Amino acid sequence: MPIYPIDVFEFPTNLGLTKKEEDEQPGVYVLPEHFKKYGLYDQLPIQNRYTLLAPPYEIKKDEVSGILNIEAVAHYALQQAELLTTALEEKTFKLMIGGDCSILVGNMMALKQKGTYGLFFLDGHTDYLPTSSSHTGGAVAGLDLAIVTGLGDDRITNLNDLKPYVLEEHVFCVGNRELDASYVQPILDSAIRYMDLPTLRKTGIEHIVKQFLDMVEQQQLEGFFIHFDVDVLNDLIMPAVDSRQTDGLDYVELIQLLRPLVSHPQVVGLEITVFDPHLDRDGIYATSFIEQLVDIFS
């Protein structure tokens, strides 16, 4: 379990996603309340709870960069970083609840202001593409790893002159299962340590975690952060996401991955993204997810 009490940060933005035709807006913005309703906050040793309200949803593609809602996402990231500046000094485990994956920008920006940190990026996609190759219409939630490592328009990759927010060689990208060659080539050409789902299972979860923690020690990093997009989970246990795929991690594998990371003395925190409560109206998936998350923190 975390060695410190937990501070919860609610970042309920959906500006990093496109919406389906039948939806008014992506439902990830209600995830904090969904988790509260189904008992997450009652089952964890939470010390403080902070909420950063998100601006209204919009779809505004930037003509120059091709990035969706670039100005609004960047502004929200700056607000996140400001909120976290003081909080990062507290000896607590930071549990960030999205929202979509664009919250990674503000979180890593805040850490860059503090020092040099690593990133364990656990996701069913790489989210590492030039905007021109985006599979999500320029939505930041499909480009977040590229953005935080400095790939893309400076108006979002270089906020407060902090580019990159994390160095490629300090990142492990784990769990991708969109294996089209053109999709994975950019990350293969980078310095990011990349392990797709088949590689993770072949190499072994314990070995991958050890490699990451060894890197943190060898590079003398001040700590590390965990990105957890729930679409890395098997579609049978977590279909409440915007970009579904077959297969994925089961909960036994998830626990094996996350438990040693969240209990490590150098961990800063973990963000949870892309769980859409509009696709979980009766709370079935939230109930099982919360049970497993509490187990990870136990």
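Look up a bit, the structure's there.
Keep in mind it's a predicted model, so treat the numbers as computed, not measured.

Here is what the cut-offs are and how they apply
- Residues numbered from 1 in each chain as written.
- Predicted model: local features only at pLDDT ≥ 70, side-chain atom pairs only at ≥ 80, totals over all residues.
- Heavy atoms only, no water.
- Disulfide = S-S within 2.5 Å.
- Pairing = 2+ DSSP bridges.
- Helix = DSSP H or I, 4+ residues; strand = E, 2+ residues; numbered from the N terminus.
- Axes fitted to C-alpha atoms, helices over the stretch in contact; angles between N-to-C directions.
- Salt bridge = Lys/Arg side-chain N within 4 Å of Asp/Glu carboxyl O.
- Buried < 20%, exposed > 50% of the residue type's maximum accessible area, 1.4 Å probe, protein only.
- Phe/Tyr/Trp six-rings, centres within 6.5 Å; stacked < 30°, edge-to-face > 60°.

S.K.: Even after reading the chapter, I still don't get the state of the cysteines, so can you show me in this structure?
M.R.: Each disulfide is one covalent bond, formed between the sulfur atoms of two cysteines. One pass over the structure, following the stated rule, counts zero disulfides. Cys 101 takes part in no disulfide bond, and the closest cysteine sulfur, belonging to Cys 173, lies 11 Å away.

S.K.: What is the right way to look at the sheet that holds strand E4 (residues 117-122) in this model?
M.R.: Strand pairing in a sheet takes place through backbone hydrogen bonds and is either antiparallel or parallel in direction. An order of E2-E1-E3-E8-E7-E4-E5-E6 is seen for the eight strands of this open sheet, with the pairing classed as parallel. Two strands lie at the open edges of the sheet, namely strand E2 (46-51) and strand E6 (193-195), each paired on one side alone. Across the sheet, the axes of successive neighbouring strands diverge by a mean angle of 15 degrees, strand direction being ignored. Pairing of E4 with strand E5 (residues 171-174), which is carried by four bridges, proceeds in the parallel orientation.

S.K.: Any chance you could explain the pattern of salt bridges here in plain terms?
M.R.: If the charged atoms of two oppositely charged side chains come close together, the side chains can form a pair. Under the definition given, this model contains 10 salt bridges. With a shortest N-O distance of 2.8 Å, Asp 214 and Lys 210 are connected by a salt bridge. Linking Asp 214 with Lys 210, this pair stays in helix H9 (residues 205-218), spanning four residues, or about one helical turn. Taking relative accessible area as the criterion, Lys 210 reaches 48% and is therefore assigned partly exposed.

S.K.: I tried to follow the packing of aromatic side chains on my own but got confused; where do I start?
M.R.: Geometrically, a pair of aromatic rings is defined through the distance of the ring centres and the angle of the planes. All chains considered together, the criterion is met by 11 aromatic pairs. Relative to Phe 289, the ring of Phe 275 lies with its centre 5.9 Å away and its plane at 85 degrees, an arrangement referred to as edge-to-face. You can see Phe 275 sitting in the loop between strand E8 (267-273) and helix H11 (284-296) and its partner Phe 289 sitting in helix H11, a full 14 residues away along the chain. Taken individually, Phe 275 and Phe 289 each receive the classification buried, so the pair is uniform in this respect.

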